[in-house]
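Overview (structure and organization)
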Amino acid sequence: MDNILELKNIDKIYGVNTKNPYQALSNINLIFKKNSFNSIIGQSGSGKSTLLNIIGTLDSPTKGEVIFNNQDISKYTKDELAIFRNKSIGFIFQFHYLLPEFSAIENVLMPYKISNSKVNQDIINRAHELLEIVGLEKYKNQLANNLSGGQQQRVAIARSLINSPNIVLADEPTGNLDSDSTEAVYNLLREINKNNNTSFIIITHDRKIAEKTDRIIELKDGEVYTDIEK
Amino acid sequence: MKLAFNIAKRFLLSAKKQTIVIILGIAVGVSVQVFIGSLISGLQKDLVDTTIGSQSQITLANDESNQYIDDYTNIIANINDNQSNIKSITPTITTSGQLSINEDNENIVFRGFEFSSANEIYKIEEKLVENSTMPNSSNEILLGLNLKETLDLKINDKVYYNDNNPSAKSNVELTVVGFVDFKVLDLNSSWVVSNLETTQDILNIQTTETLNVEMQLKDVFEAANTRDSILLTLNQSNIEAVTWIEKNEDLLAGLEGQSISSLMIQIFVIISVVLGISSVLAITVLQKSKQLGILKAMGIKDCGASKIFLFEGFILGLFGAIMGILLGISLLFVFSTFATTSDGSPVVPLDINPSFIALSALIALTASTLAALSPAIKSSKLSVIEVIRNG
Ligand SMILES: Nc1ncnc2c1ncn2[C@@H]1O[C@H](COP(=O)(O)OP(=O)(O)OP(=O)(O)O)[C@@H](O)[C@H]1O
Ligand SMILES: [Mg+2]
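Residues numbered from 1 in each chain as written. Chains lettered and ligands numbered in written order. Predicted model: local features only at pLDDT ≥ 70, side-chain atom pairs only at ≥ 80, totals over all residues. Heavy atoms only, no water.

1. A closer look at the sheet that holds strand β2 (residues 22–33) of chain A
Hydrogen bonds between backbone groups are what pair the strands of a sheet, and the pairing can be parallel or antiparallel. Residues and elements named next belong to chain A. Pairing in this open sheet of 4 strands is antiparallel, and the strands run β2-β1-β4-β5 from one edge to the other. Since the sheet does not close on itself, it has two edges, and those belong to β2 and β5 (71–72), each with one partner. Of the strand pairs in this sheet, strand β4 (residues 63–68) and β5 are connected by 2 bridges, and their pairing is antiparallel. Note on β5: the bridge partner recorded for Ile67 is Asp72. (Pairing = 2+ DSSP bridges. Helix = DSSP H or I, 4+ residues; strand = E, 2+ residues; numbered from the N terminus.)

2. What to know about the site of ligand 1
All names here are of chain A. Ser44, Gly45, Lys48, Ser49 and Thr50 are the nearest of the 13 residues found near ligand 1. Here Tyr14 contributes a side-chain N or O atom positioned 3.5 Å from a nitrogen atom of ligand 1. Contact between ligand 1 and Ser49: an oxygen atom at 2.8 Å from a side-chain N or O atom of the residue. Of all the secondary structure elements, the ones that give two or more residues to the shell around ligand 1 are β2 and α1 (48–55). The element best represented in the shell around ligand 1 is α1, accounting for 3 residues. Residue composition of the shell around ligand 1, by class: 3 nonpolar, 7 polar and 3 charged. (Near = heavy atom within 4 Å. Polar contact = N/O pair within 3.5 Å; in protein donor to acceptor, adjacent residues only side chain to side chain. Nonpolar A, V, L, I, M, F, W, Y, C, P; charged D, E, K, R; others polar.)

3. Focus: the confidence of the model for chain B
Residues and elements named next belong to chain B. When pLDDT is averaged across chain B, the result is 88; 99% of the residues are at 70 or more. Confidence, read as mean pLDDT per element, is least for helix α15 (residues 384–390) in chain B (75) and greatest for strand β7 (residues 191–195) (95). Across the assembled chains, the prediction reports ipTM 0.90 with pTM 0.76. (pLDDT = per-residue confidence, 0-100.)

4. Here's the deal with the nonpolar core
Counting 76 residues, the largest nonpolar core has Leu5(A), Leu7(A), Phe32(A), Leu51(A), Ile201(A), Leu295(B) and Ile308(B) as the members making the most contacts within it. Ranked by residues supplied to this core, first place goes to helix α12 (residues 302–338) of chain B with 9 residues. Counting 48 residues, the second-largest nonpolar core is a separate cluster that includes Val48(B), Ile93(B), Tyr161(B) and Met215(B). (Core = buried A, V, L, I, M, F, W, Y, C linked by side-chain atoms within 4.5 Å. Buried < 20%, exposed > 50% of the residue type's maximum accessible area, 1.4 Å probe, protein only.)

This is how it looks when you write it as structure tokens:
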């Protein structure tokens, strides 16, 4: 099987039972290949984040199926979804979202600790390695709060990779970085995609960045407007 | 489990000021509880002691008035063998008559004691005034301190006694060997005490007979049960038993009132501790909702998220209880050391009971953990998507 993810007839309506329901997504059908490097673009309010959250099982579609590695995850219980997210998905959010009370290395190890009671030397080595890849080995014991925005974003990237997920979902991961840092972060993600066989779906409004990915999906008013694969 | 605990610990450490304030709050609650509890329990013991500490707590008598109990040594042996709640037991005779010297006459209560055991209840030997001695042969008597003045007596004076009982001997010559300060006006102005044989002789009864058998108990609040058990094992239909409770209903009502007010105070302290902790933790859930959202996105289960707050409650309760006990004990110490009367005894009697203190701590710990329940539930319901969207 070459597909990691399949979206079938996805609708998302906000406020279904209210006076003015809002259809954020309508009839989305998409298939993502294993080890692919995808981007989603579109105007503000076009439904990008809504779609990514549904893929990441943080939100559920009003209609339709989300199939991961041939498994229909729409039927999972909340706890099963939590385990699934922990093992299979890495998140990079637009606003960094590290735990400010913990150090960089503790943040990187957090997804591992959620599912494993013991932290062994192998995983600590891996955390160091990931921090080195994102160039933050020196800052590993700094509290997340004391890191700059770009540094926090890079820690979040390291964290999203610690459990070797099948797919990493990134919502404007370079949203508030300068263009040099943005360039560096994308090169990093690309490299990880090549070396670790991890799929990526990245939301961006930066066309220049989107051009560098293998596939550009453009949303418009909650529908797939264009879908260009290189 | 371990992760939830570590996160809880880190959350608490990252807001040190807030944490210290909550711990102090719990500590004050626990210390108030420990202090008030010890104080009320001490007051109760003191009250029980002064009211019924020097009197009979269960009294046996013949169920027909003016009749005596026969073969009392057997009865005492039976009670000593079968009852575990008896602190002391002694035969006593009480009668009344007139004491005369020269022209003076005085109505008195004549009491016959077996001093070796009666001292445990009436502590007569401790209450002797200067130069008095205990009666050690027949016809020697001790008098309440006030009788010394009313009859103008001194040690070794001879007095004459006429009992009100028609079958008793008359004009019995008795020797005064001492005076007793019972610290109760009524007793000081009416009691005349001799040994049991003298009384039996005056009343013309057998040496195996007594009017009453009096007892003091280890646990005075078990009096009714002990009485029932005594009557059951004695199995003598002509003997009746009266407890202090029947004679002191006011005292019992007072003690119960104190117990209830003590309980109320403790309940209110617990309620305020619970409300305090749950409101602060509820705010913490709001403060930490971003963190909870991240943890949930990374796959922490809802129950794992709840555990963080239960642990926060537990940790706060634990340190609060420990500090509260230390604070409470120092408060007790300060009170019993510095608030003393002129003779050095504490103004307020305190009853420091380790198991009560431990119980207060345990209650605080449980209450704090339970107080974390509603924030914990709130955190488990928190939706990731809200947090992610609202940045
Ligand atoms: N909880 C909600 N209730 C109602 N409407 C919502 C809700 N969440 C999102 N929407 C609406 O759904 C539409 C899509 O929102 P979404 O956040 O997916 O847009 P987006 O493409 O990510 O935009 P941006 O580039 O600004 O992040 C928007 O019009 C938004 O107002
Ligand atoms: Mg968005």
